[in-house]
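# A closer look at the structure
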Amino acid sequence: MTAITPLSSSGSLGPIPLEPGSREHDLAGPWQPDLRPKQISQRIGALTRRYVTVEHLGDRLTDLPRQFQHPQPRRWSTVDWGAIAPNQISGIPLDTFCAILLGTINTEAPIRGYTQASRQYLAQVYPQMAQFVGGTVDAAGQVMTPGLWERGEKRHTPVLNSLYHRLSGERPPTEPHRARPYSPGDDLRADLYRHGLHRIATEYGAACLYLWMMAYTTGPLQAVLGELLIDEINHMTKFWGFGHWAYPDTSLRMIMGTLTQALVKKWQQPTLQGSLLHTLRRMTTELAWDQWSTSHRLTLLYTFDQVMRVLWRWDRSLTPAHLTELFGPDPTQA
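Treat the numbers as computed from the prediction; the structure is a model and nothing was measured.

### Thoughts on the overall build of the protein
- Scanning the protein from terminus to terminus reveals 13 helices and 4 strands.
- Sequence separation of 24 or more characterises 78% of the internal contacts of the protein that already satisfy a separation of 6 or more.
- Carbon together with sulfur atoms contributes 56% to the accessible area of the protein, which is approximately 16000 Å² in total.

Shown next as structure tokens:
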């Protein structure tokens, strides 16, 4: 078992010593093969404090202007695939864990569709961000150079496939989603705002899910999930902060209100573009929600709460002066 390791500003992991006389520890704290819900909650808290801090979120946003100029994908730590085994899961049945993995595979797989829809929403308004997300395309719309977001996300599906195979002994029977295509309306900025909210919500959901899964795992399995988590936090932060700059009159409270309003409107208008309720329904089905125990559902909700509390504090630091320093004046406000 390895020592607990903190997250550096670059998103890498560095070792720190265990406390003298401590039990076996991993990235979430004390580990044992029969974890109880209270212990899971404690591990979720520890993981949140390790991976989701105001300082780290600020660093990841500060990184975005640098990536506009010199895009460099983050290097992952070496994965010990041969050491991944089912006994590195505790507190959740193996078949449920594998069903959740399968859902993440189906969700992550159509990354090219996601990136190109986002690129199209951004292209006419914020071309630098459009290139970061979706790369460059030729006159026919074919991708010539993938964006940094796509380059980071596209490694997730092969990794998740390998995890599923190592844990279940089978190849995943995948049915990848179809990414929602670019569907512009009459107001370009309003379209981008709705799409951006959807993108932030999905990145936030993915980050919380991987953190939650880490709380139930240990060893190399947990370490791999940690790499996925670091990617999702990085991307969530960049979308959130850039969106705050592009829409300076918004606040976290307004964003949460808009998300709620979108759910209500979707219930009334099933064809509403960018539906979050549709995503929520799809994800609960995809992640085998009916196999989850009450304690599993409660600990996931607890994860959402713990991560959002940090985001709420960090959001207060996103002042107009700080965002202008990072990204310059908004060209659409000139």
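### Description of unusual backbone geometry
- The backbone of A288 shows a phi angle near 55°, a positive value even though the residue is not glycine.
- For A288, the location among the structural elements is in the loop between helix 11 (276-286) and helix 12 (294-315).
- Residue classification places A288 among the buried positions, given a relative accessible area of 7%.

### Notes on the packing of helix 9 (residues 219-246) against helix 13 (residues 320-327)
- Relative to each other, helix 9 and helix 13 sit at 105°, their axes nearing to 10 Å. As far as their axial angle goes, helix 13 and helix 9 are roughly perpendicular. Of the residues in helix 13, those in contact with G241, F242, H244 and W245 of helix 9 are L323, T324 and F327.
- Per-class residue counts for the contact of helix 9 with helix 13 are 4 nonpolar, 3 polar and no charged.

### Examining empty space enclosed by the protein
- Counted by the stated rule, this structure contains 1 cavity of 30 Å³ or more.
- There is about 270 Å³ of room inside the largest cavity.
- Lining of the largest cavity is provided by 20 residues; of these, L192, G196, I200, F239 and G243 occupy positions nearest its centre.
- Mapped onto the lining of the largest cavity, the elements with two or more residues apiece are helix 4 (111-123), helix 8 (188-215) and helix 9.
- Per element, the largest residue contribution to the lining of the largest cavity is 7 residues, and it comes from helix 8.
- When grouped by side-chain class, the residues that make up the lining of the largest cavity number 13 nonpolar, 6 polar and 1 charged.

### Some details on helix 9
- Over its 28 residues, helix 9 extends 41 Å from the first C-alpha to the last, a length consistent with the 40 Å expected when each residue adds 1.5 Å.
- Counting buried residues in helix 9 gives 24 out of 28 residues, a clear majority hidden from the surface.

### Quick look at helix 12
- Here helix 12 contains 22 residues, and its C-alpha end-to-end distance of 31 Å stays within 8% of the 32 Å for a straight helix at 1.5 Å per residue.
- Every buried residue belonging to helix 12 is among H296, T299, L300, T303, Q306, V307, M308, V310, L311, W314 and D315, and all of these are buried.

### Thoughts on the packing of helix 3 (residues 94-108) against helix 8
- For the pair helix 3 and helix 8, the least separation of the axes is 12 Å and the interaxial angle reads 155°. The orientation of helix 3 with respect to helix 8, classified from their angle, is roughly antiparallel. Relative to helix 8, the crossing made by helix 3 is left-handed. Residues F97, I100, L101, T104 and E108 of helix 3 touch helix 8, and the partners they reach there are L209, Y210, W212 and M213.
- A class-by-class count of the residues in the contact of helix 3 with helix 8 yields 7 nonpolar, 1 polar and 1 charged.

### Some points on the nonpolar core
- In this structure, M129 and W212 are the most contacted members of the largest nonpolar core, which totals 83 residues.
- Looking at this core element by element, the count peaks at 15 residues for helix 8.
- When residues no more than four places from it in sequence are discounted, the contact partners of M129 are L64, F68, L122, K238, F239 and F242.

### Side note on the pattern of salt bridges
- Evaluation of the coordinates by the stated rule reveals 11 salt bridges.
- In this structure, D63 engages R60 in a salt bridge whose closest nitrogen and oxygen atoms are separated by 3.7 Å. In this pair, D63 and R60 both sit in helix 2 (residues 54-69), 3 residues apart, roughly one turn of the helix. Neither residue differs from the other here; D63 and R60 are each classed as buried.
- Overlapping salt bridges, with partners in common, bring together D59, R60, D63, R66 and K238 in one network.

### Structural notes on the side chain of T107
- Inspection of the secondary structure puts T107 in helix 3.
- Given a relative accessible area of 16%, T107 falls into the buried group.
- Within the local environment of T107, its side chain forms a polar contact with the backbone oxygen of G103, the two atoms lying 2.8 Å apart.

### Focus: the confidence of the model for the protein
- Counting all residues, the mean pLDDT for the protein is 85, and 83% of those residues have values of 70 or more.
- Segment residues 262-275: pLDDT under 50, and 19 contacts once partners within four positions in sequence are set aside and those in other chains are kept.

### A word on the packing of aromatic side chains
- Applying the stated rule across the entire model yields 16 aromatic pairs.
- Between F68 and F327 the ring centres are 6.5 Å apart and the planes differ by 50°, which places this aromatic pair in the tilted class. Of this pair, F68 sits in helix 2 while F327 sits in helix 13, placing them 259 residues apart in sequence.
- Judged by its relative accessible area of 17%, F68 is buried.
- Residue classification places F327 among the buried residues on the basis of a relative accessible area of 15%.
- Relative to F239, the ring of W149 has its centre 5.1 Å away and its plane inclined at 85°; by these criteria the two rings are edge-to-face.

Analysis parameters
- Residues numbered from 1 in each chain as written.
- Predicted model: local features only at pLDDT ≥ 70, side-chain atom pairs only at ≥ 80, totals over all residues.
- Heavy atoms only, no water.
- Helix = DSSP H or I, 4+ residues; strand = E, 2+ residues; numbered from the N terminus.
- Contact = heavy atoms within 4.5 Å.
- Areas by Shrake-Rupley, 256 points an atom, 1.4 Å probe, with all protein chains shown as cover.
- Buried < 20%, exposed > 50% of the residue type's maximum accessible area, 1.4 Å probe, protein only.
- Axes fitted to C-alpha atoms, helices over the stretch in contact; angles between N-to-C directions.
- Parallel < 35°, antiparallel > 145°, perpendicular 65-115°, else oblique.
- Nonpolar A, V, L, I, M, F, W, Y, C, P; charged D, E, K, R; others polar.
- 1 Å grid on protein atoms, 1.4 Å probe; cavity = no way out; pocket = protein on both sides within 12 Å on 5 of 7 lines; lining within 4 Å.
- Points joined across faces, edges and corners; volume = space filled by probe spheres on them.
- Expected span 1.5 Å × (residues − 1).
- Left-handed = near helix turned anticlockwise from the far one by under 90°.
- Core = buried A, V, L, I, M, F, W, Y, C linked by side-chain atoms within 4.5 Å.
- Salt bridge = Lys/Arg side-chain N within 4 Å of Asp/Glu carboxyl O.
- Polar contact = N/O pair within 3.5 Å; in protein donor to acceptor, adjacent residues only side chain to side chain.
- pLDDT = per-residue confidence, 0-100.
- Phe/Tyr/Trp six-rings, centres within 6.5 Å; stacked < 30°, edge-to-face > 60°.

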